[in-house]
Amino acid sequence: MHLSSTYHQQKVSEFVPISKELQCLSSPLTEPHEKDLGAVTSVFWDIEKCPVPHGCVPRRVGLCIKQFLENKGYSGPLTITAIGVLTDVPSEILREVYASGIALNIIGSTFSTTLDRLICEFTVKNPPPANIMVISDAKSFASDYASRLELRGYNILQPVPSYSLEGFFQEDSGVLEEDKCSETSESAFWICSVCSDNIHGQGFENFTTHVTSCPHKRKLLDWLPSDARFLSRECGDQAKVNEVWR
Ligand SMILES: [Zn+2]
Ligand SMILES: [Zn+2]
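So, a few notes on the structure that sits alongside this text.

Conventions adopted
- Residues numbered from 1 in each chain as written.
- Chains lettered and ligands numbered in written order.
- Predicted model: local features only at pLDDT ≥ 70, side-chain atom pairs only at ≥ 80, totals over all residues.
- Heavy atoms only, no water.
- Donors = N, O, S within 2.8 Å, 3.2 Å for Na, K, Ca; no water.
- Tetrahedral: all angles 85-135°; square planar, octahedral: opposite > 155°, others 65-115°.
- Buried < 20%, exposed > 50% of the residue type's maximum accessible area, 1.4 Å probe, protein only.
- Pairing = 2+ DSSP bridges.
- Helix = DSSP H or I, 4+ residues; strand = E, 2+ residues; numbered from the N terminus.
- Salt bridge = Lys/Arg side-chain N within 4 Å of Asp/Glu carboxyl O.
- Core = buried A, V, L, I, M, F, W, Y, C linked by side-chain atoms within 4.5 Å.
- Contact = heavy atoms within 4.5 Å.
- Phe/Tyr/Trp six-rings, centres within 6.5 Å; stacked < 30°, edge-to-face > 60°.
- Lys NZ or Arg CZ within 6 Å of the ring centre and 35° of its normal.
- Right-handed = clockwise from strand over helix to strand, strands pointing away.

**A few points about the coordination of the zinc ion (ligand 2)**
Looking at the zinc ion (ligand 2), the protein donor atoms are Cys192 (SG), Cys195 (SG), His210 (NE2) and His216 (ND1), and they sit 2.0 to 2.2 Å from it. Note that the zinc ion (ligand 2) binds 4 donor atoms; their angles at the metal cover 102 to 115°, and the shape is tetrahedral. Sequence positions of the residues that donate to the zinc ion (ligand 2) give the spacing C-x2-C-x14-H-x5-H. An identical accessibility class is assigned to Cys192 and Cys195; each is buried.

**Some remarks on the sheet that holds strand β5 (residues 155–156)**
Spatially, 7 strands are ordered β5-β4-β1-β2-β3-β6-β7 in an open sheet, and the strand pairing comes out mixed. Looking at strand neighbours, the two that pair on one side only are β5 and β7 (199–202), the edges of this open sheet. Examined bridge by bridge, strand β2 (residues 78–84) and strand β3 (residues 103–106) share 4 bridges and lie parallel to one another. Paired with Ile83 across the strands is Asn105, a residue of β3.

**A closer look at the pattern of salt bridges**
As enumerated under the stated definition, the model contains 8 salt bridges in all. For Asp36, the salt bridge identified is with Lys35, shortest N-O distance 3.2 Å. Exposure remark for Asp36: the relative accessible area of 1% places this residue in the buried category. Across the pair Lys66 and Glu70 runs a salt bridge whose closest N-O atoms are separated by 3.7 Å. In this pair, Lys66 and Glu70 both sit in helix α3 (residues 61–71), 4 residues apart, roughly one turn of the helix. Looking at Glu70, the relative accessible area reads 43%, which means it is partly exposed. Look at the salt bridges and you will find they share partners, linking Asp46, Lys49 and Asp137 into a network.

**Focus: the nonpolar core**
Judged by nonpolar contacts, the single largest core of 36 residues is most densely connected at Trp45, Ile65 and Leu104. Excluding its chain neighbours within four sequence positions, the residues that come into contact with Trp45 are Cys50, Val52, Val61, Thr81, Ala82, Ile83, Val97, Ile102, Phe111, Ile135 and Leu165. Formed by 19 residues, the second largest nonpolar core is a distinct cluster that contains Ile83, Phe111, Phe122 and Ala130.

**As for the packing of aromatic side chains**
Under the counting rule described, the total for this entry stands at 5 aromatic pairs. Ring centres of Phe204 and Phe207 lie 5.3 Å apart, and the angle between their planes is 35°; on these two criteria the pair is classed as tilted. Within this pair, Phe204 and its partner Phe207 are both found in helix α9 (residues 204–211), separated by 3 residues, close to a single helical turn. For Phe204, a relative accessible area of 8% puts it in the buried group. An aromatic cluster of three or more residues is present, and its members are Tyr98, Trp190, Phe204 and Phe207. The positively charged end of Lys72 is found above the aromatic ring belonging to Phe68, 4.6 Å away from the centroid.

**Focus on the pairing of strand β4 (residues 130–135)**
Burial analysis of β4 places 6 of its 6 residues in the buried class, the great majority of the element. Neither face of β4 is exposed, since Ala130, Ile132 and Val134 on one face and Asn131, Met133 and Ile135 on the opposite face are all buried. Summarising the sheet, strand β1 (residues 40–46) and β4 pair through 6 bridges and their orientation is parallel. Across the sheet, the residue bridging to Val40 is Ala130, located in β4. Note: β4 against β5, 2 bridges, orientation parallel. Directly across from Ile132, in β5, lies its bridge partner Ile156. Each parallel crossover has a hand, and for β4 linked through helix α6 (residues 143–151) to β5 it is right-handed.

Structural data, given as structure tokens:
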């Protein structure tokens, strides 16, 4: 319904053409504007391309990103979403990441396609001032797209995009007490964009139940190339599905 709306189509046309070339914003690091500091911030994290670094506790990711932003003066409402196919991310890591207050978004299409849609949805809900941060590689978030958002009054957090999570963990520098680190934010949500109706839920157990359910697995097959789909038509054949995603 939303995607076919005139409003959405207009918004999409503003973004076209979006070049996916490898390029970075040449603008230097600037001090944040006063108006942006208290505004809402959304962080879109490509958990497949920028996984939790070795030696870093997954449960700290949410807090580390939050601290990174607070150190820069951003204190508004924060949403962090980990986006990916997620079948390759170990369940215990996902559980910890989720427990750190990070929302999970399972996708069937590519990160950049999903990112365009999520940012579009975010801007529809949040007029400027608002802050956007992307943690992925440069190909996922083209600089002209970022510039266009900036022209509309959005603040794109530097670096654009952030290539890995390691910087956030360095920023954290172990100042936090161990018990503070395991503190969980208010329960995050999860979204399944593989299923056509963008199923929403809360709680990691419900998430696990959903991704292992037959209806979800059947939907997952719709995103595979047709010959792969033919091979793994039987519901429950998760091993084959995983193989194809590699
Ligand atoms: Zn839209
Ligand atoms: Zn699903």
